[in-house]
Amino acid sequence: MEEGLCENSVPGSGSGLVDKTRIVEVKPLRSLAPVLPKSLQLSISGRYPSGFPPFVLFGEPVESQPSPTPIPAPIRSYRKPSDEEETPHEVNGDTSSPVEGVNGESVDDSPNRPSQPMKSCKTSQKRRKKTQDFGGSSSVGVISMAQRDDGDREVVNLVLMNFDSLRRRFCQLEDSKELNTMMGTKRPDLRATNVMTSKVFRTNMRRRVGAVPGVEIGDIFFLRMEMCHVGLHAQSMSGIDYMSVKDEFQEETVALSIVSSGVYDNDAEEEDILVYTGQGENFNKKDKHVVDQKLQRGNLALDRSTHRQNEVRVIRGLRDAVNKHAKFYVYDGLYKIQGSWIEKGKSGGGVFKYKFVRLPGQPSAFAVWKSIQKWKRGSSSRTGLILADLTTGVETIPVSLVNDVDNEKGPSFFTYSNSLRDSKPFSMVQSSYGCNCNKTCVPGDLSCSCIQRNEGDFPYIANGVLVSRRPLVHECGPMCKCFPNCKNRVSQTGLKHQMEVFKTKDRGWGLRSLDPIRAGTFICEYAGEVIDRAKVNKNGGYNDEYVFDTSRIYNSFKWNYEPSLLDEISSSSEDYTIPSPLIISSKNFGNVARYMNHSCSPNVFWQPVLYAENNQYFLHIAFFALRHIPPMAELTYDYGCSDHADGSSAPQGRKKCLCGSAKCRGSFG
DNA sequence: GCCAGGTCATTTTA
DNA sequence: CTAAAATGACCTGG
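Along each chain, numbering runs from 1 in the same order as the chain's sequence is written. As they are written, the chains are lettered A onward and the ligands numbered 1 onward, keeping that order. Where totals are concerned, whole chains, interfaces and linings use all residues; where local detail is concerned, this predicted model gives features only for residues with pLDDT of at least 70, and gives and counts side-chain atom pairs only at 80 or more. To obtain the side-chain values, all non-hydrogen atoms of the structure were used and water was disregarded.

- Within an unreviewed UniProt entry, the label attached to chain A reads Histone-lysine N-methyltransferase, H3 lysine-9 specific SUVH1, and the organism entered is Vigna radiata var. radiata.

### Examining the overall build of chain A
Then, number 1: Each helix and strand counted, chain A has 13 helices and 26 strands in total.
Then, number 2: With a 1.4 Å probe rolled over the protein chains alone, any residue whose accessible area is under 20% of its type maximum counts as buried; one over 50% counts as exposed, and the rest are partly exposed. Taken across its 669 residues, chain A has 52% of its residues classed as buried.
Then, number 3: Here the accessible surface of atoms and residues is derived via Shrake-Rupley with a 1.4 Å probe, and residues count as covered only by protein chains that are part of the display. For chain A, the accessible surface area stands at approximately 31,000 Å², while carbon and sulfur atoms represent 52% of it. Runs of H or I in DSSP of at least four residues are treated as helices and runs of E of at least two as strands, each being numbered from the N terminus.

### Digging into the pattern of salt bridges
Then, number 1: By salt bridge we mean one thing: a side-chain nitrogen of Lys or Arg within 4 Å of a carboxyl oxygen of Asp or Glu. All chains considered together, the criterion is met by 29 salt bridges.
Then, number 2: Arg316 is the partner of Asp332 in a salt bridge, and the nearest nitrogen-oxygen pair spans 3.5 Å. Remark: Arg316 occurs in strand β6 (residues 312-319) and Asp332 occurs in strand β7 (residues 327-344); sequence separation between them is 16 residues.
Then, number 3: Using a relative accessible area of 1% as the deciding quantity, one classes Asp332 as buried.
Then, number 4: Where Lys376 meets Asp320, a salt bridge forms, and the shortest distance between an N and an O atom there is 2.8 Å. Note that Lys376 is positioned in helix α11 (residues 366-377) and Asp320 in the loop between β6 and β7, a separation of 56 residues in sequence.
Then, number 5: Each of Arg169, Glu455, Asp457 and Arg470 takes part in a single network of salt bridges with overlapping partners.

### As for the sheet that holds strand β17 (residues 528-530)
Then, number 1: Strand order in this open sheet of four strands is β12-β17-β19-β18, and the pairing throughout is mixed. The open sheet terminates on both sides in strands that have one partner only, identified here as β12 (420-421) and β18 (547-549).
Then, number 2: In this description, strands pair whenever DSSP reports at least two bridges between them. Note that β17 and strand β19 (residues 583-585) share two bridges and pair antiparallel. Note on β19: the bridge partner recorded for Val530 is Ile584.

### Description of the sheet that holds strand β23 (residues 616-625)
Backbone hydrogen bonds hold the strands of a sheet together, and the pairing may be parallel or antiparallel.
Then, number 1: Within the open sheet, the four strands sit side by side as β13-β22-β23-β16. Their pairing is mixed. Two strands bound the open sheet, and with one partner strand each, they are β13 (473-474) and β16 (522-525).
Then, number 2: For β16 and β23, the ladder comprises three bridges, and the chain directions are antiparallel. Its bridge partner lying in β23, Cys524 is registered against Phe623.

### Some words on the nonpolar core
Then, number 1: The nonpolar core is taken to be a set of buried Ala, Val, Leu, Ile, Met, Phe, Trp, Tyr and Cys residues, with the residues joined through side-chain atoms within 4.5 Å. By size, the foremost hydrophobic cluster in this structure holds 59 residues, and its most contacted members are Ile523, Phe548, Met596, Trp606, Phe623, Leu635 and Tyr637.
Then, number 2: Elements that contribute at least two residues to this core include exactly β14 (499-503), β15 (509-513), β16, β22 (604-613) and β23.
Then, number 3: By the convention used here, residues are in contact when the closest approach between their heavy atoms is within 4.5 Å. Beyond its immediate sequence surroundings of up to four residues, Leu635 is in contact with Met499, Leu511, Arg512, Ile517, Ile523, Met596, Asn597, Asn603, Val604 and Ile629.
Then, number 4: Among the nonpolar cores identified, the runner-up in size contains 31 residues, and Phe163, Val195, Met196 and Met225 belong to it.

### Overview of the environment of Pro484
Then, number 1: Note that Pro484 resides in the loop between β13 and β14.
Then, number 2: Pro484 gets classed as exposed once you look at its relative accessible area, which sits at 67%.
Then, number 3: Distance from Pro484 to Lys439, taken between C-alpha atoms, is 8.5 Å for residues 45 residues apart in sequence.

### Comments concerning helix α10 (residues 297-308)
Then, number 1: Between its terminal C-alpha atoms α10 stretches 16 Å, which fits the 16 Å expected from twelve residues at 1.5 Å a residue.
Then, number 2: Among all positions of α10, only Gly298, Asn299, Ala301, Leu302, Asp303, Ser305 and Thr306 are buried.
Then, number 3: Looking at the buried side of α10, the elements it contacts are β3 (240-246), β4 (251-260), β5 (273-277), β6, β7 and β8 (350-358).
Then, number 4: Of the residues trailing α10, Gln309 is marked for its positive phi of about 60 degrees. In a helix, the anticipated span is given by 1.5 Å times the number of residues less one.

### Describing the packing of aromatic side chains
Then, number 1: Two rings belonging to Phe, Tyr or Trp (six-membered ring only in the last case) form a pair when the distance between their centres is within 6.5 Å. Interplanar angles under 30 degrees mark stacking, angles over 60 mark edge-to-face geometry, and anything in between is tilted. Counted by the stated rule, this structure contains 22 aromatic pairs.
Then, number 2: Look at Tyr526 and Phe548: their rings are 5.4 Å apart centre to centre, the planes differ by 40 degrees, and that puts the pair in the tilted class. Residue Tyr526 is located in the loop between β16 and β17, and its partner Phe548 is located in strand β18; the two are separated by 22 residues in the primary sequence.
Then, number 3: Relative accessible area serves as the criterion here: at 2%, Tyr526 is assigned to the buried category.
Then, number 4: Lysine NZ or arginine CZ positioned within 6 Å of the ring centre and within 35 degrees of the ring normal marks a charge as sitting over the ring. When the ring centre of Trp509 is taken as origin, the NZ or CZ atom of Lys503, which lies over that ring, is 5.8 Å away.
Then, number 5: Across from the ring centre of Tyr546, 4.1 Å away, lies the NZ or CZ of Arg594, which sits over that ring.

### Considerations on the environment of Arg202
Then, number 1: Turning to its location among the elements, Arg202 is positioned in the loop between α8 (188-198) and β2 (220-221).
Then, number 2: Measuring from C-alpha to C-alpha, the distance between Arg202 and Leu160 comes to 8.8 Å, with 42 residues separating the pair along the chain.
Then, number 3: Excluding residues within four positions of it along the chain, Arg202 makes contact with Ile143, Gln147, Arg148, Val159, Thr197 and His229.

### Quick word on α8
Then, number 1: The set of residues buried in α8 consists of Asp189, Arg191, Ala192, Thr193, Val195, Met196 and Ser198.
Then, number 2: Phi turns positive, to about 50 degrees, at Val200, one or two residues after α8.

### Structural notes on the side chain of Asn597
Then, number 1: Along the polypeptide, Asn597 turns up in strand β21 (residues 597-598).
Then, number 2: Not counting chain neighbours up to four residues away, the residues in contact with Asn597 comprise Thr504, Arg507, Trp509, Gly510, Glu634, Leu635, Thr636, Tyr637 and Tyr639.

### A closer look at the pairing of β22
Then, number 1: Taken across its ten residues, β22 has nine buried, putting it largely inside the fold.
Then, number 2: Sheet analysis places β22 next to β23, joined by ten bridges and oriented antiparallel. Among the inter-strand pairings, Val604 is bridged to a residue of β23, identified as Ala625.
Then, number 3: Between the end of β22 and the start of β23, which pair antiparallel, lie two residues, with Asn614 showing a positive phi angle near 50 degrees.

### Some details on the environment of Ala234
Then, number 1: Take Ala234: it is sitting in the loop between α9 (224-229) and β3.
Then, number 2: The class for Ala234 is partly exposed, based on a relative accessible area of 36%.
Then, number 3: In sequence terms Ala234 and Arg224 are ten residues apart; their C-alpha atoms lie 8.9 Å from each other.
Then, number 4: Filtering out sequence-adjacent residues up to four positions away, Ala234 remains in contact with Arg207, Cys228 and Asp241.

### Points about the state of the cysteines
Then, number 1: Cysteine sulfur atoms are paired as a disulfide whenever they come within 2.5 Å of each other. This model, assessed by the stated rule, comprises zero disulfides.
Then, number 2: No disulfide involves Cys486; its sulfur sits 3.7 Å from that of Cys441, the nearest cysteine.

### So, the confidence of the model for chain A
Then, number 1: A score between 0 and 100, pLDDT records how confident the predictor is in each residue. Model confidence for chain A is summarised by a mean pLDDT of 80, while 74% of its residues fall at 70 or above.
Then, number 2: Note on residues 1-138: pLDDT under 50 across the span, and 220 contacts to partners over four residues away in sequence or across chains.
Then, number 3: Note that pLDDT drops below 50 for residues 645-651; the model gives that stretch six contacts with residues more than four away or on any other chain.

Right, dumping it as structure tokens:
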């Protein structure tokens, strides 16, 4: 019965079939439908049925590829809610509209609803009305009405994934000059926000005191907008979020959440205490005379919350002590305000101070980060440290070996290597290997043969983040004329995060990172010895725990944004196209990837990457972050299932899954 | 080349 | 409707 659990996608089937269940037929939004850039139009027009050129195109790329003179079509700016309300609705009258009827409007008596001591007043009602206005024909039917009000883990992840995928796509278009910057904002995060807002693709829009369903303590964010979209902190800039609540007799404001970014000099010495400065400039902008903060807006809400003793969510903005470029936000759970006072600020004016105390019994989040910073600075030693660098210098960043669980002194012996051995090249007749670009390949330059192979898309944005999952990513390689620092060589640049191999409680050794990892970031390649498939069959299968096998059956999943968000008709394929299976053993030789454990709801995925070396093309397996990964969270990917579909062989190689996720399939391997 | 600090455009909510 | 805001991206000068 286990077989039935992993039947969805067959890698290497090559058809690049579109998952039809994911496509919602949405009519173009009247005349305001965005004009797609050329590369997108191509894939939609059916030139390549799967949205991607067939694998065999390598030999003769020039004539079969898109014209090298792209006409950058502008993407129209996206509709805003106000436009929506003014124009009359054009009702589709079809069944594609959201499933709200099914999931029900039992909003008021939902058992999952967190207890809320105060009733929200008109603000929330107004918002809900707005939501209903949008619930009609033009919205994406993925988020139900109920989910817009109250989310859960799955919806929160769905919203974040779509938002970031859109953002990356806008970055990509911006990089390749395919976006008309006259239209709308230049900022990709705000562009993505406009799309998500106009399609009401968000959750937890009902504002609330206390925990937000689906958002967990320790979750990290890289943009303020991300927290807006999942209802953690509704303000796009302001540090204090609050709302008006009604008592029997009076109406007053209460604070819901705060973001502590370190702009004001807040005291962050103690892990469970935060002294937060009220809002308001300390000097008058015009004549620069010193002014006091006023007890209004956020300050007033914090003052009321001090008296009411309601829970306030705290988000801490953090910066790495060593690598100051890495800024992100951690949700640190619920606090209460213990007291407030007035101080003299730096410029001499009076400022409000609020003492936040963390409620006991919550999992640690900010405290974890504090510990990491201490280890990094060397001001405290890592408990259970066995080895400072198990790569013996092979990686530029050392990978430590840690066991703070039991007495095991480390995994069995192997040779650390970050390369792929005995790899079989793809035999293809090639007139040339690699591109002829000068210095670095430029996004949007369709004369670059590597970009051509990626259908005109540059697969990565400027900071090295992968834009979308695709059947195959073509990177530049050693044979390309471009310099080694070309942005299209992401998987060849080695580890970028400070990683740690650690002993798990019940699943042997595992891998985690001390640094936060942004979604789409390259983590590592799967290194090891390539195994001959014929050999494997002769010996009756491999008896090897350390194996990666592309011919296993993997659950399909969606990482790229819903095409209907941009009114695209079909989505590009996320199914891998691998001409022949690749099996890699890291038993004797391998890198950190050999320690990544399986999970049924993983935070890492693999992506085939191809580039040329020594006059031949070789396939590599690269791992990327599926979502934002908090520091110290174990890195896991889906191992898939070996093919027992014929039913003849017992699933003896299967292991009981201990991933503990809500969607656990029970076994893997 | 790195940074700190200034500036600009932008969205959110009350 | 407008203003304020603990943004984010970019530019400049030391």
